[in-house]
Amino acid sequence: MSIKTQNISNELISILKEMVPEYNYESNAFKDDGIYLFMNDFASTLAESIKQDPNSHFVSNSFNYINTIGERSDPDVINLINVGIIEILYTEQSLSRAFIAMRLSEKLSVLFHAWSEHYR
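Residues numbered from 1 in each chain as written. Predicted model: local features only at pLDDT ≥ 70, side-chain atom pairs only at ≥ 80, totals over all residues. Heavy atoms only, no water.

Participant: Explain the overall build of the chain here, please?
Facilitator: What the chain contains, in helices and strands, is six helices and zero strands. Starting at the N terminus and ending at the C terminus, the chain contains elements arranged as α-α-α-α-α-α. Taking 2.2 N^0.38 as the reference for a compact globule, 120 residues should give roughly 14 Å; the C-alpha atoms of the chain span a radius of gyration of 14 Å, in line with that estimate. Nonlocal contacts in the chain, meaning residues at least 24 apart in sequence, comprise 67% of its contacts between residues at least 6 apart. (Helix = DSSP H or I, 4+ residues; strand = E, 2+ residues; numbered from the N terminus. Rg over C-alpha atoms; globule rule 2.2 N^0.38 Å. Contact = heavy atoms within 4.5 Å.)

Okay, here's the thing in C-alpha cells:
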C-alpha cells in the first residue's frame, strides 16, 4: 500500500469512527487487504442495515459520512467511494435505488446513476 493510500485509509477510517460510531469492525482485519475491501465491508453492512431499518441512526450517519467524504476533490477518494461503496449499494438488488439516490449528495448521486451503464 502506498504512503498516499495509507494516509487516505487512516483518515477515512478515523472520520468513519467519529461519524458512524455504531459501525463495529476489527481495526486490524483490513490492514493487509486495503481500504477498498474495508469500504466494501462497510457498504455491505450498510446495505443490510437499510434492509432491516432504513431509518436507523446507523443508516443516517452512514449517508452523512459518505456525503461528507464525497465532497473532497481528491480523485483517489472519489474513486474509492464510487467503487468501494456506491457500486456495492447500486448492485444490491434488494435495495431501492431511489432510496439510496435520495440520500446521496448531488455529486455522488450522479456517480450512483452512472452505474446504470454497467448494470441493468
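Participant: How should the packing of aromatic side chains be read in this particular structure?
Facilitator: The relation between two aromatic rings is expressed through the spacing of the ring centres and the mutual angle of the planes. Under the definition given, this model contains seven aromatic pairs. Considering the side-chain rings of Phe-42 and Phe-58, the 6.3 Å spacing of their centres and the 70° angle between planes classify their relative orientation as edge-to-face. With Phe-42 in helix H2 (residues 35-52) and Phe-58 in helix H3 (residues 57-69), the pair connects residues that are 16 residues apart, well separated along the chain. Residue Phe-42 is classed as buried on the basis of its relative accessible area, which comes to 0%. (Phe/Tyr/Trp six-rings, centres within 6.5 Å; stacked < 30°, edge-to-face > 60°. Buried < 20%, exposed > 50% of the residue type's maximum accessible area, 1.4 Å probe, protein only.)

Participant: Any chance you could explain the pattern of salt bridges here in plain terms?
Facilitator: Any two side chains of opposite charge can pair if their charged atoms end up close together. According to the stated counting rule, one finds three salt bridges in the structure shown. Salt-bridge contacts for Arg-72 lead to Glu-11; the nearest nitrogen and oxygen are separated by 2.7 Å. Here Arg-72 is found in the loop between H3 and helix H4 (75-91), whereas its partner Glu-11 is found in helix H1 (residues 3-19), with 61 residues between them in sequence. Between Glu-92 and Lys-51 there is a salt bridge, and its shortest N-O distance comes to 3.0 Å. (Salt bridge = Lys/Arg side-chain N within 4 Å of Asp/Glu carboxyl O.)

Participant: How do you make sense of the nonpolar core when you look at a structure like this?
Facilitator: Looking at soluble globular proteins, one finds that nonpolar side chains tend to be buried together. Membership of the largest hydrophobic core comes to 37 residues, with the highest contact counts inside it found for Met-39, Phe-42, Phe-63, Tyr-65 and Ile-66. Only H1, H2, H3, H4, helix H5 (97-103) and helix H6 (106-114) provide two or more residues apiece to this core. With sequence-adjacent residues up to four places away left out, Met-39 is seen in contact with Leu-12, Tyr-65, Leu-80, Gly-84 and Ile-85. (Core = buried A, V, L, I, M, F, W, Y, C linked by side-chain atoms within 4.5 Å.)

Participant: Hey, could you run me through the packing of H3 against H4 in this one?
Facilitator: It is the contact of H3 with H4, at a shortest axis distance of 10 Å, that shows an interaxial angle of 150°. When the axes of H3 and H4 are compared, the pair comes out roughly antiparallel. Here the hand of the crossing between H3 and H4 comes out left-handed. Of the residues in H4, those in contact with Phe-63, Ile-66 and Ile-69 of H3 are Val-77, Ile-81, Ile-85 and Leu-89. Residues belonging to the contact of H3 with H4 are distributed by class as follows: seven nonpolar, no polar and no charged. (Axes fitted to C-alpha atoms, helices over the stretch in contact; angles between N-to-C directions. Parallel < 35°, antiparallel > 145°, perpendicular 65-115°, else oblique. Left-handed = near helix turned anticlockwise from the far one by under 90°. Nonpolar A, V, L, I, M, F, W, Y, C, P; charged D, E, K, R; others polar.)

Participant: It is not clear to me how the side chain of Ser-109 should be interpreted in this structure. Could you clarify?
Facilitator: Mapped onto the elements, Ser-109 comes out in helix H6. Accessibility expressed as a relative area gives 14% for Ser-109, which makes it buried. Setting aside chain neighbours within four positions, we find Ser-109 in contact with Ala-101 and Leu-104.

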